[in-house]
Amino acid sequence: AQSVAQPEDQVNVAEGNPLTVKCTYSVSGNPYLFWYVQYPNRGLQFLLKYITGDNLVKGSYGFEAEFNKSQTSFHLKKPSALVSDSALYFCAVRDMRHGNNRLAFGKGNQVVVIP
Amino acid sequence: DGGITQSPKYLFRKEGQNVTLSCEQNLNHDAMYWYRQDPGQGLRLIYYSQIVNDFQKGDIAEGYSVSREKKESFPLTVTSAQKNPTAFYLCASSMTGVNTEAFFGQGTRLTVV
């Protein structure tokens, strides 16, 4: 099955420190991977995507993600976390099986940035 | 202003009633999706549609129904057959290419009273 896994429930980081949110994927064929952020009682906002090409993808709000084929990972990173980065983060993968076009999400990671 | 609009933001339903959640987009997207979000379970796909007058069941379609009569609109009906309907419902749309991201509405929080 096309799926992503986010192994940690919550990530705590001090303001100004590097932030990493982990995601591993399981796909047959080429992976099409996405990161989204969700603030309380709001919809999801797109951050970045990997389709092909450079393994380091840059996105919105200073976020970037590193695609690693050998480790089947697509970790989200930010060099210096802000308190306003506290939110729920979702990794997602395009599922193109059987001629369909679905977007499958991980369970999400709560990020808490401590002032 | 382009975007995707869900209404209402909050909805209360009595047990045994059907309710319909609205989702409208003016992004000219062919594909539309409905997800259900519960704490600790991420987003689960209810139904999706890749083109007008066509839709497919997602992973948790039981107790829900949809229609796609217009490109802009993809309403979701939560029927009385849905045993545990209290949740946050998210609608999304995208173009149909593999490299396209989805855009989300602000969500509808449904509570059964």
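Everything below is about the structure shown above.
Note that this is a predicted model, so its numbers are computed, not measured.

Undergrad: Even after reading the chapter, I still don't get the nonpolar core, so can you show me in this structure?
TA: Nonpolar side chains in soluble globular proteins tend to be buried together. Residue and element names in this part refer to chain A. Core analysis: the largest hydrophobic core is formed by 26 residues, its most contacted members being W35, L48, F74, L76 and Y89. Of all the elements in the fold, those that place two or more residues in this core are strand 2 (10-14), strand 3 (19-21), strand 5 (33-38), strand 6 (44-50), strand 8 (64-68), strand 9 (73-78), strand 10 (87-95) and strand 12 (109-114). Top contributing element to this core by residue count: strand 10, with four residues. Aside from chain neighbours lying at most four places away, what touches F74 is C23, L33, F34, W35, L48, K49, Y50, V57, A65, E66 and F67.

Undergrad: How should I be thinking about the pattern of salt bridges in this particular structure?
TA: Think of it this way: side chains of opposite charge can pair up when their charged atoms draw near. Scanning all chains against the criterion turns up 10 salt bridges over all chains. Here D38 of chain B ties to R36 of chain B by a salt bridge, and the two come within 2.8 Å at their closest N and O atoms. Judged by relative accessible area, D38 of chain B falls into the buried class, the value being 10%. Judged by its relative accessible area of 4%, R36 of chain B falls in the buried class. Two residues, R44 of chain B and D38 of chain B, come together in a salt bridge whose shortest N-O distance is 2.8 Å. Three or more residues are tied together by salt bridges with common partners; here these are D95 and R102 of chain A together with D59 of chain B.

Calculation notes
Residues numbered from 1 in each chain as written. Chains lettered and ligands numbered in written order. Predicted model: local features only at pLDDT ≥ 70, side-chain atom pairs only at ≥ 80, totals over all residues. Heavy atoms only, no water. Core = buried A, V, L, I, M, F, W, Y, C linked by side-chain atoms within 4.5 Å. Buried < 20%, exposed > 50% of the residue type's maximum accessible area, 1.4 Å probe, protein only. Helix = DSSP H or I, 4+ residues; strand = E, 2+ residues; numbered from the N terminus. Contact = heavy atoms within 4.5 Å. Salt bridge = Lys/Arg side-chain N within 4 Å of Asp/Glu carboxyl O.

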